[in-house]
Amino acid sequence: VQLQASGGGLVQAGGSLRLSCSVSGRTFNMNYMGWFRQAPGKEREFVAAISWSRESSYYADSVKGRFTIARDNAKNTGSLRMNSLKPEDTAVYYCAAHWGYFRGPYASAKEYDYWGQGTQVTVSS
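A quick note: this is a predicted structure, and the numbers were derived from the prediction, not measured. (Residues numbered from 1 in each chain as written. Predicted model: local features only at pLDDT ≥ 70, side-chain atom pairs only at ≥ 80, totals over all residues. Heavy atoms only, no water.)

Caption draft 1: Focus on the overall build of the chain. Helix and strand content of the chain: 0 helices and 11 strands. When its helices and strands are written in sequence order, the chain yields β-β-β-β-β-β-β-β-β-β-β. The C-alpha radius of gyration computed for the chain amounts to 13 Å, which stays within 12% of the reference 14 Å derived for 125 residues, consistent with globular compactness. Dimensions of the chain, computed from the C-alpha atoms along their principal axes, are close to 40 × 25 × 25 Å. Looking at the chain as a whole, 45% of its 125 residues qualify as buried. Within the chain, contacts between residues at least 6 apart in sequence are counted, and of these 58% link residues at least 24 apart. Working note: accessible area of the chain is about 6,600 Å², and carbon and sulfur atoms make up 46% of it. (Helix = DSSP H or I, 4+ residues; strand = E, 2+ residues; numbered from the N terminus. Rg over C-alpha atoms; globule rule 2.2 N^0.38 Å. Buried < 20%, exposed > 50% of the residue type's maximum accessible area, 1.4 Å probe, protein only. Contact = heavy atoms within 4.5 Å. Areas by Shrake-Rupley, 256 points an atom, 1.4 Å probe, with all protein chains shown as cover.)

Written out as structure tokens, the structure reads:
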């Protein structure tokens, strides 16, 4: 299984970016997808997660109302739409996915089985 994150870049504060995550390989029974980020000198933190059915989605308080997570199960892709970006959103963003029954918590990185390589998002002030 491989996850490939893309879409990062440099944007001014207030701008928008859309990150994508493509999943290849054994996708049968793939369940939750999540996005995490890691800024320099900081620990990796939860950003957003979405269930396979798309009925449940969760966001970190810091991005709620600005970011939107989505997925297309037919195409085995996920996305993270980021609006009203702030300099504090600058980080490497990682997509991750879990297989099988998901006990959670959705915000715990260790609950996800596979990870993408990360894509850099830089927000200038």
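Caption draft 2: Just unusual backbone geometry, in detail. With an omega dihedral of 0°, the bond running from Gly104 to Pro105 counts as a cis peptide bond. Note on placement: Pro105 falls in the loop between strand E9 (91-99) and strand E10 (114-115). Of note in this structure, Asn76 is not a glycine but carries a positive phi near 55°. Residue Ser84 is not a glycine yet carries a positive backbone phi of 50°.

Caption draft 3: Expanded view of the packing of aromatic side chains. By the definition in use, this model includes 10 aromatic pairs. Judged by centre distance (5.7 Å) and plane angle (75°), the ring pair of Phe36 and Phe46 falls under edge-to-face. Remark: Phe46 occurs in strand E5 (residues 45-50) and Phe36 occurs in strand E4 (residues 30-38); sequence separation between them is 10 residues. With relative accessibility at 1%, the residue Phe36 sits in the buried group. (Phe/Tyr/Trp six-rings, centres within 6.5 Å; stacked < 30°, edge-to-face > 60°.)

Caption draft 4: Expanded view of the sheet that holds strand E8 (residues 77-82). As summarised here, the arrangement of the 4 strands in space is E1-E3-E8-E7, forming an open sheet in which the pairing is antiparallel. The open sheet has two edge strands with one neighbour each: strand E1 (2-6) and strand E7 (67-72). Looking at each pair of strands side by side, their axes are set apart by 15° on average, direction ignored. Bridge analysis of E1 against strand E3 (residues 17-24) gives 5 bridges, and the strand direction is antiparallel. (Pairing = 2+ DSSP bridges. Axes fitted to C-alpha atoms, helices over the stretch in contact; angles between N-to-C directions.)

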